[in-house]
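# Residue-level structural notes
Each chain, letter by letter, is given below.
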Amino acid sequence: MDKNILITLQYDGTRYSGWQRQGNTDNTIETKISLVLKNMLNLDYNVEIHGSGRTDSGVHAMGQTANFHINTDKEPSEIKDYLNRYLPEDIKVIEACVVDKRFHARLSAKKKEYVYSIDTSDKADVFTRKYSWNYCHFLDVDKMQSAVNILVGRHDFASFSDMKGKKSTVRTIENISIEKDNNYIRITFLGEGFLYHMVRKLTAAIVMIGTGDLTEEQLIDILNKKDKKAFSMLAPAKGLCLKRVYY
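First, a word on what this report is: a plain description of the structure on this page. (Residues numbered from 1 in each chain as written. Predicted model: local features only at pLDDT ≥ 70, side-chain atom pairs only at ≥ 80, totals over all residues. Heavy atoms only, no water.)

## Observations concerning the overall build of the chain
What counts is decided by this rule: Going along the chain from the N terminus, every DSSP run of H or I of four or more residues is numbered as a helix, and every run of E of two or more is numbered as a strand. Note on classification: 1.4 Å probe, protein chains only; a residue is buried when its accessible area is under 20% of the maximum for its type, exposed when over 50%, partly exposed between these limits. Note on contacts: a residue pair is in contact if any heavy atoms of the two residues lie within 4.5 Å. A 1.4 Å probe and the Shrake-Rupley method give the accessible areas. Residues count as covered only by the protein chains that appear here. Counted charges follow a simple rule, with Lys and Arg positive, Asp and Glu negative, and His plus the chain ends left uncounted. For this purpose, a charge sits on NZ of Lys, CZ of Arg, CG of Asp or CD of Glu.
Scanning the chain for helices and strands turns up five helices and ten strands. Counting only C-alpha atoms, the chain reaches 60 × 40 × 30 Å along its principal axes. The buried share among the 247 residues of the chain stands at 50%. A separation of at least 24 residues holds for 70% of the contacts in the chain among residues at least 6 apart in sequence. Carbon and sulfur atoms make up 46% of the accessible area of the chain, which totals about 12800 Å². Of the side chains in the chain, 36 bear a positive and 32 a negative charge, and the two mean positions are spaced by 4 Å.

Right, here's the structure in full:
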């Protein structure tokens, strides 16, 4: 019985080469899932998986989604249990369900939420060092929060992307919020979709606002240049986490 299965999963991206299947390595999240499904169904070919987005090498996820079409009598709960039994410990399926045949994890997504974590302490916390950027400098959160208002809305974010090709670089950011909790600063991005490296570049720019190395006027100027060479700073991958995909 052909089924379109949607899974929601979480993973620690530390030791993986990102989400997307690659020709030169099997060390990606997508490949790990595909291989387990291949074994479950006793296939001689790889199962095609559609993720909601291609998280970079080292980026984490609390709520990544993906769908795949398979011919099976297994119930979603059985598929979920099988995946969790054979996937590595740093990848976990938290939900599985049958969706409409036309559903596509990326194309059907309405918006995504990312969280970037910064640890401003003198030395990284032992238990969170894999999931935050240890940036031991004072950051003016009020200045940062004021500056993000420039970025909210519909803009051409070419200056904050490393995307290749001639695809549109116009995106809508619904909200950017900044929360400070003792030594931790968390920046949450909510938008219809994000370009390659967009969240990490925006985070770097916001941090530079917080240190005084970048002004709001300069931020506006960079945004208006619409040129990926206009801004080269990139926040480390390990501080970024895909929190949720909305449908």
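Moving on, there is more to tell.
## Regarding the packing of helix H3 (residues 141-151) against helix H5 (residues 216-225)
To keep things clear, this is the line we draw: The axes used here are C-alpha line fits, helices contributing only the stretch in contact, and every angle between their N-to-C directions lies in the interval 0 to 180 degrees. Any angle that falls under 35 degrees is termed roughly parallel, while one over 145 is termed roughly antiparallel, one within 65 to 115 roughly perpendicular, and all others oblique. Crossings are assigned a handedness: left-handed for a near helix turned anticlockwise from the far helix by less than a right angle, right-handed for a clockwise turn.
Remark: H3 packs on H5, axes separated minimally by 10 Å, with the N-to-C direction vectors making an angle of 25 degrees. Put simply, H3 runs roughly parallel to H5. Once H3 is placed against H5, the crossing between them reads as right-handed. Where H3 approaches H5, its residues Lys143, Ser146, Ala147, Ile150 and Leu151 are matched on the opposing element by Glu216, Leu219, Ile220 and Leu223.

## Digging into the packing of aromatic side chains
The cut-off we apply is this: Side-chain rings of Phe, Tyr and Trp, where Trp is taken by its six-membered ring, are said to pair if the distance between their centres is within 6.5 Å; with planes under 30 degrees apart they count as stacked, over 60 as edge-to-face, and otherwise as tilted.
According to the stated counting rule, one finds seven aromatic pairs in the structure shown. Measuring from centroid to centroid gives 5.5 Å for Phe160 and Phe231, while their planes differ by 50 degrees, and the two rings are tilted. Residue Phe160 is found in the loop between strand S7 (153-156) and strand S8 (170-181), and its partner Phe231 is found in the loop between H5 and strand S10 (240-246); the two are separated by 71 residues along the sequence. You'll find Phe160 and Phe231 in the same group, each marked buried. Counting every residue linked through ring pairs, the aromatic cluster contains Tyr116, Trp133 and Tyr135.

## Brief notes about a negative patch on the surface
Stated formally: Patches draw on residues past 30% relative accessible area with no salt bridge. Two like charges within 9 Å are joined, as are two nonpolar side chains (Val, Leu, Ile, Met, Phe, Trp, Tyr) within 5 Å. We count a salt bridge whenever a side-chain nitrogen from Lys or Arg sits within 4 Å of a carboxyl oxygen from Asp or Glu.
On the surface, a cluster of negative charge is contributed by Asp73, Glu75, Glu78 and Asp81. The residue Asp81 is located in helix H2 (residues 76-86) in this model. Looking at Asp81, the relative accessible area reads 40%, which means it is partly exposed.

## Section: the side chain of Asp119
Structurally, Asp119 can be placed in strand S5 (residues 111-119). Here Asp119 is buried and forms no salt bridge, its nearest opposite-charge partner Lys238 lying at an N-O distance of 8.8 Å. The contact partners of Asp119, leaving out residues within four places of it in the chain, are Ala124, Asp125, Ser132, Trp133, Asn134, Tyr135, Cys136, Asn183 and Tyr184.

## So, the environment of Asn4
Stated precisely, the cut-off is as follows: Any N or O atom pair separated by 3.5 Å or less is treated as a polar contact, with the protein-specific requirement of one donor-capable and one acceptor-capable atom, and with residues adjacent in sequence counted only for side-chain atom pairs.
For Asn4, the position within the fold is in strand S1 (residues 2-11). With relative accessibility at 0%, the residue Asn4 sits in the buried group. When residues no more than four places from it in sequence are discounted, the contact partners of Asn4 are Asn67, Phe68, His69, Cys97, Val98, Val99, Asp100, Lys101 and Phe103. Polar contacts involving the side chain of Asn4 include one to the side chain of Asn67, which spans 3.0 Å.

Everything listed here is a matter of coordinates, which is why it stays silent on function.
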